[in-house]
Amino acid sequence: MAGTTRRRDGNVTQERMLEEAMAAIAEDGLASLTMSALAERLGTSGGHILYYFGSKDLLLLAALRWSEAALAEERRALLARRITAERKLDLFLRLYLPRGPRDPRWTLWIELWARTPGNPALREAQAELDAGWQEDLEALLAAGAARGRFAPLDADARASELLALLDGLSTRVVLGQESGRDPRPALEIARSAARALIPVDTEPGT
């Protein structure tokens, strides 16, 4: 991202603002992220940030969209890889789960969920971002079943169930309720859930 930090007029770019917002959340938590604090980190003014985002809520939503866009690219690359469906599913789980209690993306997700009921714009954004994960997991499961790697299944239903379980598990990790700061036990739980919901086909070709 070098070279994109500032425009020629000295103003911080939108991408840099989002990048720094995510870094601040990872370091100090969401509660400490104010527009003035972010402006100080960036060496700009709070008014400059407000010019682009309008409010802290809109900044947080933009940061989440920015983070999710990068993960969407990783998912597309994962689905295109020439590896087994089981390996793809395992890598999908790793991509979905938080990296620890201070994972900024998951911190933003939890904040979004809390604010969604009274905010139609946030509900729409949540549905849009969730749909990307759902569609890609459905495609992964359907392809695996078609190739005889997974037992016959309803890809839509299994994807929804697994994602719901991953959401709950991820929330526990971010809140520090799942084995402290170590994300590995959560991954093992996710793998166990995936094996239960999406069994490997033991009689391929039948």
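Note that this is a predicted model, so its numbers are computed, not measured.

Any chance you could break down the packing of helix α5 (residues 85-96) against helix α9 (residues 184-197) for me, citing the residues and the numbers?
Contact geometry for α5 and α9: axes closest at 10 Å, N-to-C directions at 135°. Classified by the interaxial angle, the pair formed by α5 and α9 is oblique. For the element pair α5 and α9, the recorded crossing hand is right-handed. Mapping the contact onto sequence places L89, D90, L93 and R94 in α5 and L187, A190, R191 and A194 in α9. Partitioning the contact of α5 with α9 into residue classes produces five nonpolar, no polar and three charged.

Before we move on, could you go through the pattern of salt bridges and cite the residues and values that matter?
Scanning all chains against the criterion turns up 16 salt bridges. For D90, the salt bridge goes to R87, with nearest N and O atoms at 3.4 Å. Highlighted residues: D90 and R87, both in helix α5, separated by three residues, approximately one helical turn. Several salt bridges converge on common partners, so that one network encompasses R16, E19, E20, E27 and R41.

The rules we used
- Residues numbered from 1 in each chain as written.
- Predicted model: local features only at pLDDT ≥ 70, side-chain atom pairs only at ≥ 80, totals over all residues.
- Heavy atoms only, no water.
- Axes fitted to C-alpha atoms, helices over the stretch in contact; angles between N-to-C directions.
- Helix = DSSP H or I, 4+ residues; strand = E, 2+ residues; numbered from the N terminus.
- Parallel < 35°, antiparallel > 145°, perpendicular 65-115°, else oblique.
- Left-handed = near helix turned anticlockwise from the far one by under 90°.
- Contact = heavy atoms within 4.5 Å.
- Nonpolar A, V, L, I, M, F, W, Y, C, P; charged D, E, K, R; others polar.
- Salt bridge = Lys/Arg side-chain N within 4 Å of Asp/Glu carboxyl O.

Worth remembering: the numbers are spatial, not functional.
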